[in-house]
Amino acid sequence: MSTGLLTIDLAAIVANWQALAKIASVETAAVVKANAYGLDAGRVAQHLANAGARQFFVAATEEGVALRQALGDGPVISVFSGHMEGDTQSIADASLTPMLNSAQQMQRHFAALPNHSFGIQLDTGMNRLGMEPAEWAGLRSEIIEKGPTLLMSHLACADDPDHPMNAQQNAAFEDMTQGVSLPRSLAATGGTLLGAAYHYDMVRPGIGLYGGEPFGAAHPVVTLDIPVIQIRDVAVGETVGYGNVWTATRPSKIATIAAGYADGLIRAMGPNAKLHSDGMEVPVVGRVSMDLITVDVTALPDAPQSLQLLGAQQSVDEVASFAGTIGYEILTSLGTRYQKHWTE
Ligand SMILES: *Cc1c(COP(=O)(O)O)cnc(C)c1O
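Cut-offs and rules
- Residues numbered from 1 in each chain as written.
- Predicted model: local features only at pLDDT ≥ 70, side-chain atom pairs only at ≥ 80, totals over all residues.
- Heavy atoms only, no water.
- Near = heavy atom within 4 Å.
- Polar contact = N/O pair within 3.5 Å; in protein donor to acceptor, adjacent residues only side chain to side chain.
- Areas by Shrake-Rupley, 256 points an atom, 1.4 Å probe, with all protein chains shown as cover.
- Nonpolar A, V, L, I, M, F, W, Y, C, P; charged D, E, K, R; others polar.
- Buried < 20%, exposed > 50% of the residue type's maximum accessible area, 1.4 Å probe, protein only.
- Helix = DSSP H or I, 4+ residues; strand = E, 2+ residues; numbered from the N terminus.
- Arc of directions from axis to C-beta.
- Contact = heavy atoms within 4.5 Å.
- Phe/Tyr/Trp six-rings, centres within 6.5 Å; stacked < 30°, edge-to-face > 60°.
- Axes fitted to C-alpha atoms, helices over the stretch in contact; angles between N-to-C directions.
- Parallel < 35°, antiparallel > 145°, perpendicular 65-115°, else oblique.
- Left-handed = near helix turned anticlockwise from the far one by under 90°.
- Domains from an automatic or database assignment.
- Buried area = accessible area lost by both parts, 1.4 Å probe.
- Salt bridge = Lys/Arg side-chain N within 4 Å of Asp/Glu carboxyl O.
- Expected span 1.5 Å × (residues − 1).
- Core = buried A, V, L, I, M, F, W, Y, C linked by side-chain atoms within 4.5 Å.

Here we look at the site of the ligand
Inspection of the region around the ligand gives 15 residues, with Lys33, Tyr37, Thr189, Ile207 and Tyr328 positioned closest. Contact between the ligand and Lys33: an oxygen atom at 2.7 Å from a side-chain N or O atom of the residue. With respect to the ligand, the side chain of Tyr37 contributes an N or O atom lying 2.5 Å from an oxygen atom. Its free accessible area being 390 Å², the ligand has 92% of it covered by the protein chains. When the residues that make up the shell around the ligand are grouped by side-chain class, the tally is eight nonpolar, four polar and three charged.

Listed below in structure tokens is the structure:
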């Protein structure tokens, strides 16, 4: 093995989906955009479909087309970016359900595919996607007549349960959808954990399925073991890696491992990052380089064959904190050079 081994526990993803479905006790979709946060949308969605998931969300039509191939007919595949110019044929052929975000998308959709399913995304304050309250008020009756599958919106601050924006957006969503007897959805992972007032008819978790915060009770999903290429003795006063940023202050054993920032191990995490070997923590020393990272393994009793960055001892969120980012970014940055292994 000369590259890292990334193990993805599909059973844990299914268990996380089931746990979130139990919390919500309404229809629980699965968000599998960005190739299921880097973990393989086809495999992930097939397992979730076997476990009973009927609704999937992707960001882009192209992702929806690939997902339809993996899933076959049956499950609903909805597209957050809506009906974009040039996507009509794909939306029709792959039976995708665009979440229309604007009057322009609405006109495009009704003109090109008048009898094809669609949903509506409403902006309740995030100002990213969706129809604004005034726009929606003007189009509402025309749209409702055409029978959208879903009215949805998205929370900006749901990872912080105490944030006043949550209640504010919930009230705006209530207001915009009052008196409409169509399925509604407001919550992603964070919103699912905010309680029943946020669940409506469907929740749409993503990160929680993949073991990330804010779903603290999630089963860990990914393990990343990185092989050691060589171990050297470094004397007091010697430096390690680019820029000489680390100098040995005691005789040290330094392991060079086979992954770097080209594999998604963000360079910025260098000075803070730790790995594990049989339960023992070992610090990264020196700069993270493109293909290699140097680790101080002086404390280990035996020379390790590999070191673990992600796993039961260290979550994607802990690794994210080393680099000042979030678990989402760590997952979706995981590189293409790893050997990937999916366990059931
Ligand atoms: C990404 C996304 C989700 C899933 O969010 P998580 O925080 O990963 O659960 C749900 N809805 C929309 C609109 C999204 O963009």
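Back to the text.
Details of helix H4 (residues 61-71)
Every buried residue belonging to H4 is among Thr61, Gly64, Leu67, Arg68 and Leu71, and all of these are buried. One face of H4 carries all of its buried residues, which in axial projection span an arc of 115°. Turned more than 90 degrees away from the buried face of H4 sit Glu62 and Gln69, all of them exposed. Residues of H4 that are buried sit in contact with helix H3 (41-50), strand S4 (55-58), strand S5 (76-79), helix H5 (88-93) and strand S6 (96-100). Backbone geometry just after H4 places Gly72 at a positive phi near 75°.

Considering the packing of aromatic side chains
In total, this model carries five aromatic pairs according to the counting rule given. Taking the centre distance of 4.7 Å and the plane angle of 35° together, the rings of Tyr37 and Tyr210 count as tilted. Pair noted here: Tyr37 is in helix H2 (residues 33-38) and Tyr210 is in the loop between strand S10 (202-203) and strand S11 (222-234), with a separation of 173 residues, a long-range link. Overall, the relative accessible area of 1% leaves Tyr210 in the buried class. Plain terms: the ring middles of Phe57 and Phe80 are 5.0 Å apart, the flat faces sit at 15° to each other, and that makes the pair stacked. Here Phe57, found in strand S4, pairs with Phe80, found in the loop between S5 and H5; they are 23 residues apart in sequence, far enough to count as distant. Phe80 matches Phe57 in its accessibility class, with the two residues each being buried.

Quick look at the packing of helix H6 (residues 103-112) against helix H7 (residues 133-145)
When two helices pack together, their arrangement is given by the angle between the helix axes and the distance between those axes. Viewed as axis vectors pointing N to C, H6 and H7 meet at an angle of 20°, and their least axial separation amounts to 11 Å. Accordingly, the angle class assigned to the pair H6 and H7 is roughly parallel. Once H6 is placed against H7, the crossing between them reads as left-handed. For the pair H6 and H7, the contacting residues are Ala103, Met106 and Phe110 in the first and Glu135, Leu139, Glu142 and Ile143 in the second. A per-class count over the contact of H6 with H7 returns five nonpolar, no polar and two charged.

Notes on the domain arrangement of the protein
What the domain assignment lists for the protein is domain 1 (10-210) and domain 2 (222-343). For domain 1 versus domain 2, the separation of C-alpha centres amounts to 37 Å. Facing 10 residues of domain 1, the contacting portion of domain 2 comprises eight residues. Buried surface at the junction of domain 1 and domain 2, summed over both partners, amounts to about 840 Å²; 67% is from carbon and sulfur atoms. Of all residues in domain 1, Tyr37, Leu39 and Ile207 give up the largest surface area on contact with domain 2, accounting jointly for 51% of the area buried on that side. At the surface where domain 1 touches domain 2, the tally comes to zero salt bridges. Run the count over domain 1 and domain 2 and you get two residue pairs in polar contact (both at pLDDT 80 or more). When residues in the side of domain 1 that touches domain 2 are grouped by element, the largest group, three residues, is from H2. For the side of domain 1 that touches domain 2, the residue count by class is seven nonpolar, one polar and two charged.

Digging into helix H1 (residues 10-24)
Its 15 residues give H1 an end-to-end C-alpha distance of 21 Å, which sits within 8% of 21 Å, the value for a rise of 1.5 Å per residue. The N-terminus of H1 is capped by Asp9, whose side-chain oxygen sits 3.1 Å from the backbone nitrogen of Ala11. Positive backbone phi, at 40°, marks Ser25, one or two positions downstream of H1.

Quick look at the nonpolar core
Membership of the largest hydrophobic core comes to 74 residues, with the highest contact counts inside it found for Ile13, Val32, Leu48, Phe56 and Tyr210. Examining the composition of this core, we find that six residues originate from one element, H1, more than from any other. If you count residues domain by domain, this core takes at least three from each of domain 1 (10-210) and domain 2 (222-343). Residues in contact with Val32, not counting those within four places in the same chain, are Ala41, Val44, Phe56, Phe57, Val58, Leu67 and Tyr210. Core analysis: the next-biggest nonpolar cluster, separate from the first, contains 21 residues, Met106, Phe118, Met176 and Tyr200 among them.

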